[in-house]
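Single-letter residue listing:
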Amino acid sequence: MDLSFETVIGLEVHVQLATESKLFCSCPTAYIGTEPNTNVCPACLGLPGSLPSLNRRALELGVKAALALDCSVNAMTRFHRKNYFYPDLPKAFQVSQYDIPLAVSGSMPIFLEGRVKNINITRLHLEEDAGKLVHKTADGRLSGASFSLVDYNRGGVPLAEIVSEPELSSPEEAREYVLTIRRLVRYLEVSDGDMESGSLRVDANISQKCSDGRWGSRVEIKNVNSVRAMERALEYEIIRQREILLNGEEIVQETRHWDDGAGVTRSSRSKEEAHDYRYFPEPDLPPIKIDEELVKYIGCSLPELPWDRRERYIREWGLSQADSVSLSENQDVALYLEKTVAFGADRQLAANWVRTYILRLQNETGVAINDLAVGPEDLASLLVHVKQGSLSSTAAKDVLGIMFALGVKVGAAMEKSGISAGGVSRDALFETVARILEANPAETGVIIAGGDTAVRKRKYLMGLVMKEIRGQAAGEEVSAAFDAVLGSIRDRSL
Ligand SMILES: [Zn+2]
């Protein structure tokens, strides 16, 4: 009998909340590039006699993310101690949430190949991060470490853990889910969502459902440091688990680590790693009553969510999938676009120009979109010229470059570039074509004679003309001028 399989994936995404100070003390959260063990205090080191106190901002950011994910925020929540003995935890427990998380039962849409799938969110809870272990050798090499160092600067940094239902059915869906969460937390300014620096981390659970009714045990994959690594790890696990089931064997329920270099997952020796966390309520933090008014206030102040905006761009504006994704990813970019349209620019044209030129200029200059020399109003007045046909796209691009370089308005930039709003005159165009043809007699001869290379030569000369007139005429106009001038040259030579 032929067996078929269904893949079942659930993800736990840890997001570092964008607070200035840690979850339960006032130590700074900036741990990258800091001297080890300098951002620490008795509370985050768990020294006797110290007491934690909850960071209100972290709670608010958690509520913000939870509401955007359509979760219900619990009226009362509390913290537990998750006990395990490992050197990255100075207290030998991590303060996390257990039976009453901050929020439950949400959902988030993901878009894949033109269809929408809603993924249910089980819960969102707050917890503190652990410290960081650095494995070193005496000569500083990282492989074959002979000792480990610990840095507690990251210990106590606030995280929100977002747990999905096991409803993702392929590595591609898992990838889109993580990217959607990353876009969301950046959009809401809840987190910088940076995977490379560890602000966003993912653990994946994956299992196989077999068509003969068997269910493979669930395997947890850790140590994925990029979206690509997660995808590869899941692809690898699918093949590994299916082979085991095809051989009629059992899948071991365990945690496996992804080895990016080797491209395989490896068992973390389940017995040694088997945890009994012995959760118990954190006695130093009383249960927290979450103010209903605060939740309402945060709910009302949520911006239009990226997926709603994206839908609106597709349905109401008629933008493509790709345009609507990239333009709705960042709130400032979306607002820049919408203002440009409000100032009179055509929607599609504005979308093309913001996506192609404005985002590129933003990346090249490193200046935030709101601080660019060309604002939405300036771009709109340029695009009105393009729409009316009084500026070709090529000429408008030159004008935009001058507007950026000199920080001037459209009119001044056009003057500066010698481009008039009416484009190049017919006489000037004919004069330019004639001049270019005369200056290139060999090519002109080939074009007049016709044949295989004539088309290529004609394109080349038309390109020279376009360059000369800075694209101030449409391609058809230039082509028509070519026909006319070539006609008169042919007549003269007869
Ligand atoms: Zn501290």
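Numbering of residues begins from 1 in every chain and follows the order in which that chain's sequence is written. In keeping with the predicted nature of the model, local features appear solely for residues at pLDDT of at least 70, side-chain atom pairs appear and are counted solely at 80 or more, and the whole-chain, interface and lining totals rest on all residues.

## Here we look at the overall build of the protein chain
Consideration 1: A helix here means a DSSP run of H or I that spans at least four residues, while a strand means a run of E at least two residues long, and both kinds are numbered starting from the N terminus. Scanning the protein chain for helices and strands turns up 17 helices and 16 strands.
Consideration 2: Each principal axis of the C-alpha distribution contributes one length, and for the protein chain these read about 100 × 60 × 55 Å.
Consideration 3: Out of the 494 residues belonging to the protein chain, those deemed buried represent 34%.
Consideration 4: Restricting to contacts in the protein chain with at least 6 residues of sequence separation, those with at least 24 account for 68%. Each residue is classified by how many other C-beta atoms fall within 10 Å of its C-beta atom, where C-beta atoms are placed from the backbone; a count of 20 or more means buried, 12 or fewer means exposed, and values in between mean partly exposed. What counts as a contact here is a pair of residues whose C-beta atoms, placed from the backbone, lie within 7 Å.

## Topic: the pairing of strand 11 (residues 200-210)
Consideration 1: By this definition, two strands are paired if DSSP reports at least two bridges between them. Across eleven bridges, strand 1 (residues 5-16) lies against strand 11 in antiparallel orientation. Its bridge partner lying in strand 11, Phe-5 is registered against Cys-210.

## Concerning the domain arrangement of the protein chain
When the parts of a complex come together, some accessible area is lost, and that lost area is often used as the size of the interface.
Consideration 1: What marks off one domain from the next here is an automatic or database domain assignment. According to the domain assignment, the protein chain contains domain 1 (5-294), domain 2 (303-414) and domain 3 (426-493).
Consideration 2: Summarising the inter-unit geometry, the C-alpha centres of domain 1 and domain 2 are found 37 Å apart.
Consideration 3: Only Asp, Glu, Lys and Arg are considered charged, only Ala, Val, Leu, Ile, Met, Phe, Trp, Tyr, Cys and Pro nonpolar, and every remaining residue, Gly among them, polar. When the residues that make up the side of domain 1 that touches domain 2 are grouped by side-chain class, the tally is four nonpolar, one polar and one charged.

## Description of helix 8 (residues 321-328)
Consideration 1: Buried within helix 8 are the following residues: Asp-323, Ser-324, Leu-327 and Ser-328. Relative to the axis of helix 8, the buried residues are bounded by an arc of 105° and lie together on one face.
Consideration 2: Buried residues along helix 8 sit in contact with helix 7 (306-315), helix 9 (331-342) and helix 10 (347-365). When we speak of the arc, we mean the arc of directions from the helix axis to the C-beta atoms.

## Overview of the environment of Pro-28
Consideration 1: Structurally, Pro-28 can be placed in the loop between strand 1 and helix 1 (42-45).
Consideration 2: The exposure class of Pro-28 is partly exposed, given the 14 C-beta atoms found within 10 Å.
Consideration 3: For the pair Pro-28 and Gly-401, spaced 373 residues apart in the sequence, the C-alpha separation amounts to 42 Å.
Consideration 4: Excluding residues within four positions of it along the chain, Pro-28 makes contact with Glu-20, Ser-21 and Asn-39.

## A closer look at the sheet that holds strand 5 (residues 93-96)
Sheet strands pair by backbone hydrogen bonding; their relative direction is either parallel or antiparallel.
Consideration 1: Taken in spatial order, the three strands line up as 5-4-15 in an open sheet, and their pairing is antiparallel. Whereas interior strands pair on both sides, the edge strands pair on one side only; in this sheet they are strand 5 and strand 15 (280-281).
Consideration 2: Looking at chain direction, strand 4 (residues 80-83) and strand 15 are connected through two bridges and run antiparallel. Note on strand 15: the bridge partner recorded for Arg-81 is Phe-280.

## As for the sheet that holds strand 2 (residues 72-73)
Consideration 1: The strand order across the open sheet formed by nine strands is 2-6-7-10-1-11-12-13-14, and the pairing between neighbours is mixed. If you trace the sheet from one side to the other, it starts and ends with strand 2 and strand 14 (264-267), each paired once.
Consideration 2: Note that strand 1 and strand 10 (residues 158-164) share five bridges and pair antiparallel. Following the sheet pairing, Val-15 is matched in strand 10 by Ala-160.
Consideration 3: Packed on one face of the sheet, helix 3 (residues 171-187) meets strand 1, strand 6 (103-112), strand 7 (115-128), strand 10 and strand 11 and runs near 110° to strand 6.
Consideration 4: A fitted line through C-alpha atoms represents every axis, and for helices the fit uses only the stretch in contact; the resulting angles, taken between N-to-C directions, go from 0 to 180 degrees. Here helix 4 (residues 227-246) sits on the sheet and contacts strand 1, strand 11, strand 12 (219-224), strand 13 (254-259) and strand 14; the angle it forms with strand 11, its principal contact strand, is near 25°.

## Things to note about the packing of helix 3 against helix 4
Consideration 1: Packing of helix 3 against helix 4 brings their axes to within 9 Å, and their N-to-C directions diverge by 155°. Here helix 3 is positioned roughly antiparallel relative to helix 4, judged by the angle of their axes. For the crossing formed where helix 3 meets helix 4, the hand is right-handed. Within the contact between the two elements, helix 3 uses Pro-171, Ala-174, Arg-175, Val-178 and Leu-179 and helix 4 uses Val-227, Met-230, Glu-231, Leu-234 and Glu-235.
Consideration 2: Residue composition of the contact of helix 3 with helix 4, grouped by class: seven nonpolar, no polar and three charged. Here is the rule for angles: anything less than 35 degrees is roughly parallel, anything more than 145 is roughly antiparallel, 65 through 115 is roughly perpendicular, and the remaining ranges are oblique. Handedness of a crossing follows from how the near helix is turned relative to the far one, being left-handed for an anticlockwise turn of less than a right angle and right-handed for a clockwise one.

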